[in-house]
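Structural features, examined
So the chains spell out like this:
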Amino acid sequence: MADVFRALDDETRRLILDELVARNGQTLFEICGVLVSRHGVSSTRQAISQHLAVLEEAGLVVTERRGRSKFHYFDGGPLTAITRRWPATGRDPS
Amino acid sequence: MRIRLTSIFVDDQRAALDFYTDVLGFRLRHDVPLGDDSWLTVVSPEEPDGPELLLEPAGHPAVKPYRDALVEDGIPLVQFAVDDVEAEYARLTARGVTFTQPPTDVGPVIVAVLDDTCGNLVQILSEKPGQPGEG
C-alpha cells in the first residue's frame, strides 16, 4: 500500500491517471501529447516514462502490447485497499 | 535550401507502395530500379510537384532497433497534413487501417496516429477551424 501512496503523491502522476480514466489505453506518445496540451506539463518523454513506471509498480497502471506498441491502462484495484482500511463513508450524525 | 524529398524506411517496397497509394491516396512519382531495390517515391495528388516521400528499404541493421523502440512508445516517424482528421480516421478505419491513437485534440490541431503496415507509425494532423495558419 505504501507504493500506492507514493505513486499518488505527485501532481504529474495524478494527471496521468486523470487522462487514462478519460481514455484508457494510451501510448507514451499520446500521454505526453495530452499532458503538454491540456495541462502544460512539458516534462521529457523519459520523465513521463519514469512516472509511468512508478504507477505501474504500484499497480495503478497496467500495460498491454497490441501489435508492436505498448498501451497504458488505469487500474483502480489498489485503491480498494484504501477504502477497505478506511471506509469512504461520512460521519454519522449523532 | 528547400525540402524536396524526405524518406522513411519500409519493410517491403511493393507493399509500401500499395499502402501509400491505394490506401493513403498518394501517387507514384519515381520507380527506378536500383539493384534489388528501387528508387521509389510518392507525392500528394494535391501537390504533384511538391515534396516527395522516398520509400526506402529497411535492410540496414540499425533500422529495426530504431523503429522498434519508437513504435513501442507510439512515436510517429512521419507526419502528413489532412483537411479533416476525423474524416480520414473514419475513411481509413473502414479500410482496415489500425490506429494507435484516435483523433485527439491537442490545442491548435487535431492529431491521430496510424500503423502503415510497413514498420512505421504515421501521424496525420489537421488545423482546427479559426486557428492561425503556419503561413
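Since this is a predicted model, take the numbers as computed values, not measurements. (Residues numbered from 1 in each chain as written. Chains lettered and ligands numbered in written order. Predicted model: local features only at pLDDT ≥ 70, side-chain atom pairs only at ≥ 80, totals over all residues. Heavy atoms only, no water.)

The next thing to look at is the overall build of chain A. Across its full length, chain A carries 5 helices and 2 strands. Ordered by position from the N terminus, the helices and strands of chain A form the series α-α-α-α-β-β-α. Its C-alpha atoms give chain A principal-axis dimensions of roughly 55 × 30 × 20 Å. Per-residue burial over chain A gives 35% buried out of 94 residues. Put simply, 53% of the contacts in chain A that link residues at least 6 apart link residues at least 24 apart. Element-wise, carbon and sulfur atoms account for 50% of the exposed surface of chain A, whose accessible area totals about 5500 Å². Side chains of chain A give 13 positive and 12 negative charges; the mean places of these two sets differ by 4 Å. (Helix = DSSP H or I, 4+ residues; strand = E, 2+ residues; numbered from the N terminus. Buried < 20%, exposed > 50% of the residue type's maximum accessible area, 1.4 Å probe, protein only. Contact = heavy atoms within 4.5 Å. Areas by Shrake-Rupley, 256 points an atom, 1.4 Å probe, with all protein chains shown as cover. Lys, Arg positive; Asp, Glu negative; His and termini not counted. Charge placed at Lys NZ, Arg CZ, Asp CG, Glu CD.)

Residue and element names in this part refer to chain B. Along the chain, Glu56 falls in strand β4 (residues 52-57). Linking Glu56 and Tyr89, residues 33 residues apart in sequence, is a C-alpha distance of 26 Å. Excluding anything up to four places from it in sequence, Glu56 contacts Ser7, Ile8, Phe9, Val10 and Gln13.

With that out of the way, let us pick up the interface of chain A and chain B. Taken together, the contact between chain A and chain B spans 15 residues of the former and 20 residues of the latter. The junction of chain A with chain B conceals about 1400 Å² of combined surface from both sides, 51% of it contributed by carbon and sulfur atoms. When residues of chain A are sorted by the area they lose upon contact with chain B, Phe29(A), Glu30(A) and Arg68(A) head the list and together hold 43% of the total. Applying the counting criterion to the chain A and chain B interface returns 3 salt bridges. One salt bridge connects Arg68(A) with Asp68(B), and the closest N-O pair in it is separated by 3.1 Å. The interface formed by chain A and chain B contains 7 residue pairs in polar contact (both at pLDDT 80 or more). Elements represented by at least two residues in the side of chain A that touches chain B include exactly α3 (28-39) and β2 (69-74) of chain A. (Buried area = accessible area lost by both parts, 1.4 Å probe. Salt bridge = Lys/Arg side-chain N within 4 Å of Asp/Glu carboxyl O. Polar contact = N/O pair within 3.5 Å; in protein donor to acceptor, adjacent residues only side chain to side chain.)

A cluster of nonpolar residues, Leu5(B), Val32(B), Leu34(B) and Trp39(B), forms a patch on the protein surface that exposes about 340 Å² of accessible area. Within the fold, Leu5(B) resides in strand β1 (residues 5-10). (Patch = residues over 30% accessible without salt bridge, like charges linked within 9 Å, V, L, I, M, F, W, Y side chains within 5 Å.)

Here strand β1 (residues 61-66) of chain A pairs with β2(A) via 6 bridges, running antiparallel. Across the sheet, Glu64(A) pairs through a bridge with Phe71(A), a residue of β2(A). (Pairing = 2+ DSSP bridges.)

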